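Structural overview for review
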Amino acid sequence: MSALLEVKALEVAYGGIRALKGIDFEVNEGELVALIGANGAGKSTTLRALSSLVRPAAGTIRYRGEVTSALPSYALVRKGLALVPEGRGVFARLSVRENLEMGAYHRGDREIGKDLDRVFGLMPRLAERSTQLAGTLSGGEQQMLAIGRSLMSRPKLLLLDEPSMGLAPIMVQKVFEIVQTVAREGVTILLVEQNAKLALELSSRGYVMESGTISLSGPSAKLLADPKVREAYLGEAA
Amino acid sequence: MLAALKKNPAAKWLGLALVVIALAVLPFAVEAGAGRSWVRIIDFALLYIMLALGLNIVVGFAGLLDLGYIAFYAVGAYMWALLASPHLSANFPAFAAMFPGGLHFPIWILIPMGALVAAIFGVLLGAPTLRLRGDYLAIVTLGFGEIIRIFLNNLNAPVNITNGPQGINKIDPFSIFGIPFNKPLSVFGFTVPSVALYYYLFLALTIVIIVITLRLEDSRIGRAWVAIREDEIAAKAMGINTRNVKLLAFAMGATFGGVAGGLFAGFQGFVSPESFTLMESIMVLAMVVLGGMGHIPGVVLGAVLLATLPEAIRYTVVPAQKMLFDRQIVDPESLRMLLFGLALILVMLYRPAGIWPSPVRKREFATAEKAGKLEPEQYPDRTEASEGARL
């Protein structure tokens, strides 16, 4: 099976600080892959590089066989690579429906309405609040909206940046259920999370990041059982 | 009332007809009631509406704080002044040889050219500031405005292009179809004064600009501007080419400024750098903010109020003081700034979204008030995202 996303020896530096020190990983078609790690491990930087928000200092990113690091962010969406930014990034002063419509910004086909119904079907809460301003939604609803908005672009690969950040546990559960449903519908997902336990339970494979490198990788079940992971991320004594 | 209008097309047309008649007779009514100088003030108010609508695209729609907007007005005005006055021919023999009759371009060329040249300057300002937001952008745009003004002040040596602080005079008055605008026009024995002619011209262009802005607001481009204002990273993630869309905002905004500047030059017959100070930029920004940022009727209202009220003060304060104290105690200019400051404070306290905000903004402020404060959950942390963008 060919990899949908293939990252080789990726390095990113902010000024003199090397945030990524050469990482390799891949995401295959139809997979849900988790990228976990503590604060400052370089998870978000990885996603920023994947969505061309920062330029890599070295290494290559291949998406469907094509090197993407020279492409601008806005061109990636058209190729089916969608990012749900950290901190959700909903358009606070637009309504829920307008936010979702923005997700289909680059599309000109006639099936946008159908996709809108699909998102509303997936997240009935958004349907109830479709005319409300996005800024007035709760954090969990905003996260749902951000995911729904990215689905409007009909992504092949969805990059999720810490969807559980700042949410109440019950909302985290709901958001993760949605992520799972989206994955079952055939969207490949790269999930970046601090909540290691939930992310590993949901995903099939995982990578553990530590200060700019990938320290562990393997099937999620194995990582969940790994004593080092349990110690570092799940708060258990070794 | 609006709903009733929608149901009843006849009433809608009647209302429109009434507005048209009111706008048509306005200069005559004002002249009869308050004198010709007030018609002139209304002409200026129309110019300010154009300026405010242009700035509203940059500040209100795209959320890019621009403190040097008056520079585009200056560019438009000077371009018009140079192409429709004897200045260039008098200073450059080459021009005199090329145009033996002097440079006198018609309005049909000058207006689009003013728009184009200002748009180019808009892109020139926009390109180096693409990565800046908020305070940083404000400082750079402020500098840009001052640079343009200082250039105008000093470009009289070694070659005299702008004639420095003295400015350029003897600018051709408008003329359309051979009708000069600086003389009263007699139509069937009915005399239309020069200021009223200008009023109709400015009104027509203001309406064109209002229609363009209204159409832009709900267009794809308008939505892209709003998306950038709300969250730039998310806008990129939607597939918006944020660079081009931002440059377009600067260029569109500058276009309106350039057109208004050209009209100003032709109307005054004289331009000098003094008309394009930082204070003017701030006034236009205040019109946008006080009226209701991003809401076109609000911005128009803000421009009309801020352009006419200071004049009203000028005309009432001195006689009032003479009557009360037998002498003038406060000069109207300083009183103007005092009242202006007071008005700003009152509006920010009681109508924080502007005098006539868009329904959306009003709702937003109402919710924030109800919650008692701006909760982080309602306003997702955007500093984090913008900080990342700066890195």
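Residues numbered from 1 in each chain as written. Chains lettered and ligands numbered in written order. Predicted model: local features only at pLDDT ≥ 70, side-chain atom pairs only at ≥ 80, totals over all residues. Heavy atoms only, no water.

A closer look at the overall build of chain A
- Within chain A, the secondary structure is distributed over ten helices and ten strands.
- Taking 238 residues into account, the globule formula puts the C-alpha radius of gyration at 18 Å, and chain A, at 17 Å, falls close to it.
- Taking the principal axes of the C-alpha coordinates as reference, chain A spans close to 50 × 40 × 35 Å.
- The 238 residues of chain A split such that 57% are buried.
- Looking at chain A alone, contacts between residues at least 24 apart form 67% of all its contacts between residues at least 6 apart.
- For chain A, the accessible area works out to roughly 9,600 Å², and carbon and sulfur atoms hold 49% of it.
- Measuring between centres, the 29 positive side-chain charges of chain A sit 3 Å from its 26 negative side-chain charges. (Helix = DSSP H or I, 4+ residues; strand = E, 2+ residues; numbered from the N terminus. Rg over C-alpha atoms; globule rule 2.2 N^0.38 Å. Buried < 20%, exposed > 50% of the residue type's maximum accessible area, 1.4 Å probe, protein only. Contact = heavy atoms within 4.5 Å. Areas by Shrake-Rupley, 256 points an atom, 1.4 Å probe, with all protein chains shown as cover. Lys, Arg positive; Asp, Glu negative; His and termini not counted. Charge placed at Lys NZ, Arg CZ, Asp CG, Glu CD.)

Things to note about the overall build of chain B
- Counting secondary structure elements, chain B contains 17 helices and six strands.
- Here the C-alpha radius of gyration of chain B, 23 Å, is about what a compact globule of 391 residues would show, namely 21 Å.
- With the C-alpha coordinates of chain B rotated into their principal frame, the extents come out at 65 × 55 × 50 Å.
- Expressed as a percentage of its 391 residues, the buried residues of chain B come to 48%.
- For chain B, the proportion of contacts with a sequence separation of at least 24, taken over those separated by at least 6, is 74%.
- When the accessible surface of chain B is totalled, it reaches about 19,100 Å², and 70% of it is carbon and sulfur.
- Across chain B, the 29 positively charged side chains and the 24 negatively charged ones have centroids separated by 6 Å.

What to know about the interface of chain A and chain B
- Taken residue by residue, the interface counts 31 residues in chain A and 30 residues in chain B.
- Summed over both partners, the interface of chain A with chain B comes to about 2,900 Å²; 59% of that surface belongs to carbon and sulfur atoms.
- On the chain A side of the contact with chain B, Tyr74, Arg93 and Tyr105 of chain A bury the most area, a combined 27% of that side's loss.
- The tally of links between chain A and chain B comes to three salt bridges. (Buried area = accessible area lost by both parts, 1.4 Å probe. Salt bridge = Lys/Arg side-chain N within 4 Å of Asp/Glu carboxyl O.)

Regarding the packing of helix α3 (residues 36-61) of chain B against helix α13 (residues 278-292) of chain B
All names here are of chain B.
- It is the contact of α3 with α13, at a shortest axis distance of 9 Å, that shows an interaxial angle of 75°. With respect to α13, the element α3 is oriented roughly perpendicular. Contact residues: α3 offers Tyr48, Leu51, Ala52, Leu55, Asn56 and Val59, while α13 offers Glu280, Val284, Leu285, Met287 and Val288.
- Each residue belonging to the contact of α3 with α13 can be placed in one class, and the counts come to nine nonpolar, one polar and one charged. (Axes fitted to C-alpha atoms, helices over the stretch in contact; angles between N-to-C directions. Parallel < 35°, antiparallel > 145°, perpendicular 65-115°, else oblique. Nonpolar A, V, L, I, M, F, W, Y, C, P; charged D, E, K, R; others polar.)

Overview of helix α14 (residues 296-325) of chain B
- Under the 1.5 Å per step criterion, the end-to-end length of α14 of chain B is 43 Å for 30 residues, consistent within 8% with the ideal 44 Å.
- In α14 of chain B, a bend of some 25° at Thr316 of chain B exceeds every other bend along the element, and Pro319 of chain B, a proline, comes one to four places later. (Expected span 1.5 Å × (residues − 1). Bend = angle between axes of the 7 residues up to and from the residue.)

Things to note about the environment of Gln142 of chain A
- Structurally, Gln142 of chain A is set in helix α6 (residues 139-151).
- Polar contacts involving the side chain of Gln142 of chain A include one to the main-chain carbonyl oxygen of Leu137 of chain A, which spans 3.3 Å. (Polar contact = N/O pair within 3.5 Å; in protein donor to acceptor, adjacent residues only side chain to side chain.)

Considering the pairing of strand β9 (residues 205-210) of chain A
Residue and element names in this part refer to chain A.
- Counting buried residues along β9, five of its six residues qualify, which places the element largely inside the surrounding structure.
- When strand β3 (residues 32-37) meets β9, the two strands line up parallel, connected through five bridges. Within β9, the residue paired with Val33 across the bridge is Arg205.
- The pairing of β9 with strand β10 (residues 213-219) spans six bridges and is classified as antiparallel. Of the residues in β10, the one forming a bridge with Glu210 is Thr213. (Pairing = 2+ DSSP bridges.)

Quick word on the sheet that holds strand β8 (residues 188-193) of chain A
Residue and element names in this part refer to chain A.
- Strand order in the open sheet formed by six strands is β6-β7-β8-β3-β9-β10, with mixed pairing between adjacent strands. Strands with a single pairing partner mark the edges of an open sheet, and in this sheet they are β6 (81-84) and β10. Pairwise comparison of adjacent strand axes, ignoring direction, gives a mean angle of 15° for this sheet.
- Packed onto the sheet, helix α7 (residues 169-184) meets β3, β7 (157-161) and β8 and runs at close to 155° relative to β8.

As for unusual backbone geometry
Residue and element names in this part refer to chain B.
- With omega at 0°, the peptide bond leading from Ala157 into Pro158 counts as cis.
- With respect to the secondary-structure elements, Pro158 resides in the loop between α8 (134-154) and β1 (168-169).
- Of note in this structure, Asn163 is not a glycine but carries a positive phi near 60°.
- Checked against the element boundaries, Asn163 lands in the loop between α8 and β1.
- Despite not being glycine, Asp326 shows a phi value in the positive range, around 70°.
- On the basis of relative accessible area, Asp326 is assigned to the exposed category, the value being 68%.

A look at a nonpolar patch on the surface
- A surface patch of nonpolar side chains, about 640 Å² in accessible area, is lined by Leu339, Leu342, Ile345, Leu346, Leu349 and Tyr350 of chain B.
- Within the fold, Leu342 of chain B resides in helix α15 (residues 332-350). (Patch = residues over 30% accessible without salt bridge, like charges linked within 9 Å, V, L, I, M, F, W, Y side chains within 5 Å.)

Regarding the nonpolar core
- Membership of the largest hydrophobic core comes to 140 residues, with the highest contact counts inside it found for Leu5 and Leu190 of chain A together with Phe174, Phe202 and Leu263 of chain B.
- When residues in this core are grouped by element, the largest group, 19 residues, is from α3 of chain B.
- When sequence neighbours within four positions are dropped, the list of residues in contact with Leu263 of chain B reads Leu47, Met50, Trp80, Ile111, Phe174, Leu201, Phe202 and Leu205 of chain B. (Core = buried A, V, L, I, M, F, W, Y, C linked by side-chain atoms within 4.5 Å.)

Quick word on the pattern of salt bridges
Residues and elements named next belong to chain A.
- Taken as a whole and judged by the stated rule, the model has 24 salt bridges over all chains.
- For Arg18, the salt bridge identified is with Glu11, shortest N-O distance 3.7 Å.
- With a closest N to O distance of 2.8 Å, Asp109 and Arg107 form a salt bridge.
- Note on Asp109: relative accessible area 35%, which makes it partly exposed.
- One continuous salt-bridge network, built from bridges that share partners, spans Arg107, Asp109, Glu111, Lys114, Asp115 and Arg154.

Some words on the sheet that holds strand β4 (residues 58-63) of chain A
All names here are of chain A.
- Strand order in this open sheet of four strands is β2-β1-β4-β5, and the pairing throughout is antiparallel. Only two strands of the sheet have a single neighbouring strand rather than two, namely β2 (17-28) and β5 (66-67).
- With respect to the sheet, helix α1 (residues 43-50) is in contact with β1 (3-14), β2 and β4, its orientation differing from that of β1 by roughly 115°.

Observations concerning the packing of helix α4 (residues 70-83) of chain B against helix α12 (residues 242-268) of chain B
Residue and element names in this part refer to chain B.
- Two numbers describe how α4 lies on α12: the axes approach to 6 Å, and their chain directions differ by 45°. Comparing their axes, α12 and α4 come out oblique. For the pair α4 and α12, the crossing hand works out as right-handed. The segment α4 lies against α12, with Phe72, Tyr73, Gly76, Ala77, Trp80 and Ala81 engaging Ala254, Gly257, Gly258, Ala260, Gly261, Gly262, Leu263, Phe264, Ala265 and Gly266.
- Class assignment of the residues belonging to the contact of α4 with α12 gives a composition of ten nonpolar, six polar and no charged. (Left-handed = near helix turned anticlockwise from the far one by under 90°.)

The values reported here are purely geometric and, on their own, carry no functional implication.
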